[in-house]
Amino acid sequence: MAPFNPPNIVLSGFKERPEALLAHGDKLYVGTATGSLFIYEYNELSDNGSILVDTKKGLSRRPIDQLGYIKDINSLVSLSETIPTLYPLPSFTPPTPLARAKGALTFAVHSSVHNPDTSDATSGANTVSRAGPIPAMVTQLIVGCRRKVVIYTWRDGEAQEIRETILPHSPRVAVFLDSDNVCFAYSPTEYALFSISKLTTLDIITPIPANVSMGAFSGLTGYMTLGLGAKAKPGLVRLGDTEALVVKDNQGFIIGTDGRQTKPATVDWPSPPDEIAFVNPYIFSILPPGTVPVPENGGASLPSGSAPAAPQSSLIPSPVVQIISSLTTQSVQTLPFPPPSSAFSAATYTIRLLTPSPAARAPLFLVATPSDRTVAASEGSSIWQIRMKSWGDQIDELVQDCLYSDALSLLDTLDKALLPDKDQRRTHIRALHAVSQFRLGKFDDAINSFIELDLNPAKVVALYPERIAGRLSVPPEDWIPLFGGPANQQSLTPKNDDAMSTKSQNDGNESKEKPSEQSASPAMPVRATLRRGTAFVALLSSSKDKDDDIVSISGKRKVKQVDDFSRSVDALWRYLTDRRPKVAGALAAVHIAPAQSHQWPFLSETSTEELFALPNISLSLLTPEQLVRFAQIVDTALFKSYLVTQPALLGALCRLANWCEVSEVEEDLRAREKFAELIYLYNGKKMHAKALNLLQQLSEKEMDIKDKLDPSISYLRKLGPEYTNLVFEFSRWIFEEDRHMAFEIFTSDDVELPRTQVTDYLEKIDPTMSTRYIEYLIDEKGEESPAFHDRLAELYLNMTLSARKRGDEAKELEVYSKLLRFIDTTDHYRPDRLYGLLSENLYEARAVLLGRMGRHEHALELYVYKLKNYAKAEEYCKRIYNPNGVTKSIFLILLRLYLRPTDKAAPNLLQPALDLISRYSPRLDPVETLQLLPPLVTARDVRPFLQEALRAPIFDSHVIRDIHKARNEQVDRKLMLLESRRVRVTDSRICPQCHKRLGSSVIAVHAPRGEVTHYQCRDAFARRLVSPIR
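Residues numbered from 1 in each chain as written. Predicted model: local features only at pLDDT ≥ 70, side-chain atom pairs only at ≥ 80, totals over all residues. Heavy atoms only, no water.

### Examining the overall build of the protein
Here is the rule we go by: Each helix is a run of DSSP H or I of at least 4 residues and each strand a run of E of at least 2, with the numbering of both proceeding from the N terminus. Here the term buried applies to any residue with accessible area under 20% of the maximum for its type, exposed to any over 50%, and partly exposed to those in between, with areas from a 1.4 Å probe on protein chains only. Only the protein chains shown count as cover for residues, with accessible areas throughout obtained via the Shrake-Rupley method and a probe of 1.4 Å.
What the protein contains, in helices and strands, is 38 helices and 33 strands. Classification of the 1030 residues of the protein by burial places 45% in the buried group. For the protein, the accessible area works out to roughly 52800 Å², and carbon and sulfur atoms hold 52% of it.

### Quick notes on the environment of Y876
For clarity, the threshold we go by: Whether two residues are in contact is decided by their heavy atoms, any of which lying within 4.5 Å being enough. Under the rule applied, a polar contact is a pair of N or O atoms within 3.5 Å (in protein, one hydrogen donor and one hydrogen acceptor; residues adjacent in sequence only if both atoms are side-chain atoms).
Here Y876 lies in helix α32 (residues 870–880). It is 8.9 Å that separates the C-alpha atoms of Y876 and V848, two residues lying 28 residues apart in sequence. The residues contacting Y876, other than those within four sequence positions of it, are G851, H856, A859, L860 and Y863. Within polar-contact distance, the side chain of Y876 engages the side chain of H856 at 2.7 Å.

### Considering the sheet that holds strand β24 (residues 267–268)
Put simply, the rule reads: Note on pairing: two strands pair once DSSP finds at least 2 bridges between them.
Reading across the sheet, the four strands line up as β21-β22-β23-β24 and stay open at both edges, with antiparallel pairing between neighbours. Of all the strands in the sheet, the pair left with one neighbour each is β21 (235–238) and β24. Relative to strand β23 (residues 251–255), strand β22 (residues 244–248) runs antiparallel, the two sharing five bridges. Note on β23: the bridge partner recorded for L245 is I254.

### Re the packing of helix α5 (residues 391–400) against helix α6 (residues 404–412)
The cut-off we apply is this: The axes used here are C-alpha line fits, helices contributing only the stretch in contact, and every angle between their N-to-C directions lies in the interval 0 to 180 degrees. Note on terminology: angles under 35 degrees are roughly parallel, angles over 145 are roughly antiparallel, angles of 65 to 115 are roughly perpendicular, and the others are oblique. By the definition used in this description, the sense in which the near helix is turned from the far one sets the handedness, with an anticlockwise turn below a right angle giving left-handed and a clockwise turn giving right-handed.
At a closest axis distance of 8 Å, the pairing of α5 and α6 adopts a crossing angle of 160°. Considering the angle they form, α5 stands roughly antiparallel to α6. By crossing handedness, the relation of α5 to α6 is classed as left-handed. Along its contact with α5, which presents W391, Q394, I395, L398 and V399, the element α6 presents Y404, D406, A407, L410 and L411.

### Considerations on the pairing of strand β30 (residues 364–370)
The buried count for β30 comes to seven of seven residues, which makes it a mostly enclosed element. Because side chains alternate across β30, one face comprises the buried residues L364, L366, A368 and P370, and the other comprises F365, V367 and T369, equally buried. Inspection of the sheet shows strand β29 (residues 349–356) paired to β30 by six bridges, in the antiparallel sense. Residue pairing across strands places P356 opposite L364, the latter belonging to β30. Both β30 and strand β31 (residues 381–386) contribute to a ladder of five bridges, which runs antiparallel. Across the sheet, F365 pairs through a bridge with Q385, a residue of β31.

### A look at the packing of helix α25 (residues 755–765) against helix α27 (residues 786–806)
Stated formally: Asp, Glu, Lys and Arg are counted as charged, while Ala, Val, Leu, Ile, Met, Phe, Trp, Tyr, Cys and Pro are counted as nonpolar; the rest, among them Gly, fall into the polar class.
Remark: α25 packs on α27, axes separated minimally by 12 Å, with the N-to-C direction vectors making an angle of 10°. Between α25 and α27, the crossing angle belongs to the class labelled roughly parallel. The residues of α27 that touch α25, namely those facing R755, T756, T759, D760 and E763, are F788, R791 and L795. By residue class, the composition of the contact of α25 with α27 is two nonpolar, two polar and four charged.

### Quick look at a negative patch on the surface
The cut-off we apply is this: In this analysis, a patch consists of residues with relative accessible area above 30% that form no salt bridge, clustered at 9 Å for like charges and at 5 Å for the nonpolar side chains Val, Leu, Ile, Met, Phe, Trp and Tyr. Put simply, a salt bridge is a Lys or Arg side-chain nitrogen that is within 4 Å of an Asp or Glu carboxyl oxygen. In this tally Asp and Glu are treated as negative and Lys and Arg as positive; neither His nor the chain ends contributes. Every charge is mapped onto a representative atom, which is NZ of Lys, CZ of Arg, CG of Asp or CD of Glu.
Negative charge collects at one region of the surface, where D749, D750, D779 and E780 lie side by side. As for its position among the elements, D779 is in helix α26 (residues 767–779).

### Points about helix α8 (residues 443–453)
All of the buried residues in α8 are F443, A446, I447, S449, F450, I451 and L453. Backbone geometry just downstream of α8 places D454 in the positive-phi region, at approximately 55°.

### What to know about the packing of aromatic side chains
Counted only if it meets this: Here is the rule: rings of Phe, Tyr and Trp (six-membered ring for Trp) pair when centre to centre is within 6.5 Å. Planes less than 30 degrees apart are stacked, more than 60 are edge-to-face, and the remainder are tilted. Lysine and arginine charges are scored as sitting over a ring when NZ or CZ, respectively, is within 6 Å of the ring centre and within 35 degrees of the ring normal.
Taken as a whole and judged by the stated rule, the model has 25 aromatic pairs. With 6.4 Å between their ring centres and 35° between their planes, Y773 and Y776 make a pair best called tilted. Placement of the pair is Y773 and Y776 together in helix α26, with a separation of three residues, close to one helical turn. The burial state of Y773 is the same as that of Y776; both residues are buried. Stacked on the ring of F565, the Lys or Arg R467 has its end atom at 4.2 Å from the ring centre. The ring of Y1015 has R1018 sitting right over it, with the charged end atom 3.8 Å from the ring centre.

### Description of the nonpolar core
Stated formally: Here, the term nonpolar core denotes a set of buried Ala, Val, Leu, Ile, Met, Phe, Trp, Tyr and Cys residues that are joined through side-chain atoms within 4.5 Å.
Grouped together as the largest cluster of nonpolar side chains are 190 residues, with contacts concentrated most on F284, F450, F746, I823 and L860. No other element matches the eleven residues that helix α17 (residues 624–645) contributes to this core. With residues near it in sequence (within four places) discarded, F746 still touches V727, F728, S731, F735, L753, V758, Y761, L762, Y773 and Y776.

### Here's the deal with unusual backbone geometry
Cis geometry is found at the peptide bond from L89 to P90, where omega equals 5°. As for its placement among the helices and strands, P90 is situated in the loop between β8 (83–88) and β9 (96–97). Unlike most non-glycine residues, D156 shows phi in positive territory, near 50°. Position of D156 relative to the elements: it lies in the loop between β14 (148–155) and β15 (158–159). We classify D156 as partly exposed; its relative accessible area is 49%. One non-glycine residue, K868, lies in positive phi territory at about 55°. One can find K868 in the loop between α31 (856–866) and α32.

### Here's the deal with the pattern of salt bridges
A full pass over the atoms with the stated rule returns 41 salt bridges. Between R61 and E81 there is a salt bridge, with the nearest N and O atoms lying 3.2 Å from each other. Linking R61 in the loop between β5 (50–56) and β6 (64–70) with E81 in the loop between β7 (75–80) and β8, this pair joins segments that are 20 residues apart in sequence. Among the ionic pairs, K148 bridges to E164, the shortest N-O distance being 3.7 Å.

Structure (structure tokens):
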């Protein structure tokens, strides 16, 4: 990734020797060795160079060593002749020498906003408004002099008291870390931290560099023209608000305000840099010729199509500007000077004065001067600018190169104002980084990112093989494009820091056994080679060109694949179990439950493209349709992962309502013979036909009739009325096997099917089943509808006639008895309708129905003349007799039928009449009875009747009758009350006498409170009730 464009010239042919540069706004200030100041106007986006707008000849008698700008007082600071001088802009007059800073070697400027202390603010009422303390702009100019430091301060443009203190050494470079801490460089190896508030110094101690590259001496010829006695300039630059970079030899250490390293990593160069500068977040360094290897393939840092200046050598023969990321401490771009594509001669150049601009993304300037004095005198110096690419382009290039960690680190340094789509980019790159981590086996880290980012679960599941992801599975080479990354990835191994660190760990385990393998392959970065002290790329072994991917799957790594798969599935479980309740909660918020999964389109009806296109947003922002898709994906993946690695967990998942896609797992369940789980799954998805088909298939393997039919019967008993036709369809084969067991399907306590449809269905199979079902409805369910009572009576009647037609007397007698008992004991049928269906020879049934219709005389005629059953006739009279109702003369009617027959073929019925008179004389009117008796009947034949009639007066007989009636009603009410009381015996009820469970034993119920004991314990418990003391 090359974050900067190729350098371009803003000023050429500058005859004087530049000694100081300052970029401010659109102005470029150039201080020369003659003490002159040239002011140019430039446009950083233009390639037309710069325009000279002003020249200050003889601004100083000596070279201008350093330039700076103080915004508070709009003045230029110039260090010359060891005295800093302030020049007001734009007039430069009058100059203000800072005399107390005489002997100055360097200076640094820092501006910050200070909020006054509340205690100080409240003491001065004039300085505090009602809105609170007013912030102040504070600018500090710290000047490093010989063995002392002088501090100038301006507060909102007003000069403050000047402070100074003695130092142990003379600072040659100074940079601010924050408003209170300044870092001094005494020499290339001595650094100290200075506190402005305490006026104290703290020496900075850094580790001794591990080694010094031979390349540090290879560019010696480049220094010959500058003189061997020239002192090396200390390397010190500010990196941020609290960090600075100090250079010792060829290593850079990042230190904080406490004087300690803030990062364990160091910045490494192949040789000590001549100068360094910082443009957030990149560190620029000038390296001498012959110290930097040529980047492979021309390097991303070199212009496209250009070739190295010396193809026969592996080192760049010219000075180099190396750009290192402060975030990763790795080189990101190498710029040789002069650029190979420029029109400049091939003379050697000296690069100096790396000068950044304080503005964000402003260019960095440098001065290039021919090393040869003759060439320098003829051509002069040139000032180049290096412009940064846009932040978006830099991040896109990092993503293109799979450097996701670097891209995220760069994003973290940017303000949202600089990159409006920062949040979207961060989410996108984090997702790609997570995929990269997943590929490297860092499954937990990847899953954590997927959870935090609320990614589409279809994409996460797609990272797994087909046996887990099904049709969502995507090959590894398509993972990055799936998550929105570039599609033209040439290598499956990411080139990010994670990949490098993983590889280094794997290599380190074998370094002791195979030291020869420590030489780098051509695919390794050049900087890794330089760290091991090898400066020549040509010496790298060409035989070690095995690709990292091939190495990763060779040898012992093959054994680890199974373990990696298990770890990846464990991580997937964690992801799915995290998503599952959250998706369920989001669905519950829109009133959608897993039990409604059958009402939504199946997952198989949606293409993978549509599933991958689901948005990566918070669940609360998804539509109900999208939430359902998420739930289906999550549950299906969880189901398949259980199926592959933990089949024992399938049952619990299947028994609960879920969103699993049946088509994705049913074949696997059949193959593994997980039929119980498959039936649970079918049931949850309302695929009852498939479940019943499977149960029927499984029943063929059973020999015992109970084991064969019970599963299907239990399943059918749970289906509601909306599946009536399905119940009818799949119960038929059960009726063919065993009708009595099949009947249990329609006697479920959980659900109830439409009674009329069930009755019709059972009648088609067997009328006996239909009558049994209606009997069940009447006896158990309390059905009182006349329709069912009429239906049952008709069924009894039809079955009776069918049995008579077949000559099956036993069956006829059985069913006919049921018919008689039914019509005689229930009141909910319509007797007139049934009477019209009766045949002539069913006399008793007709008699009962006639009695129900109030035609008692016709009913008695059938008993007396057709059935000749005088006992039933008397029983009929006893049953319907009511002394105060219309049936008070029913016995007299029977007596009349005996003594005055209406049927000419009737026999002599005098004896039944006399028996009736003797037994029921109180219920017969004496006068009318005597009138009905034939003349030939003697008084002796009716003597008991006459005695009874003449013994008691009519008045007394009415009183006694009423008393008996009241007594009978009282007894009936008490009996009814006692019969209405009941007790409930459950499996947990205990006998109060023996304290054992009642179970299914014979029980006894005790009055008056209804205690329940074992039958054998009744006497002992009764005695306890009578004698509570005992």
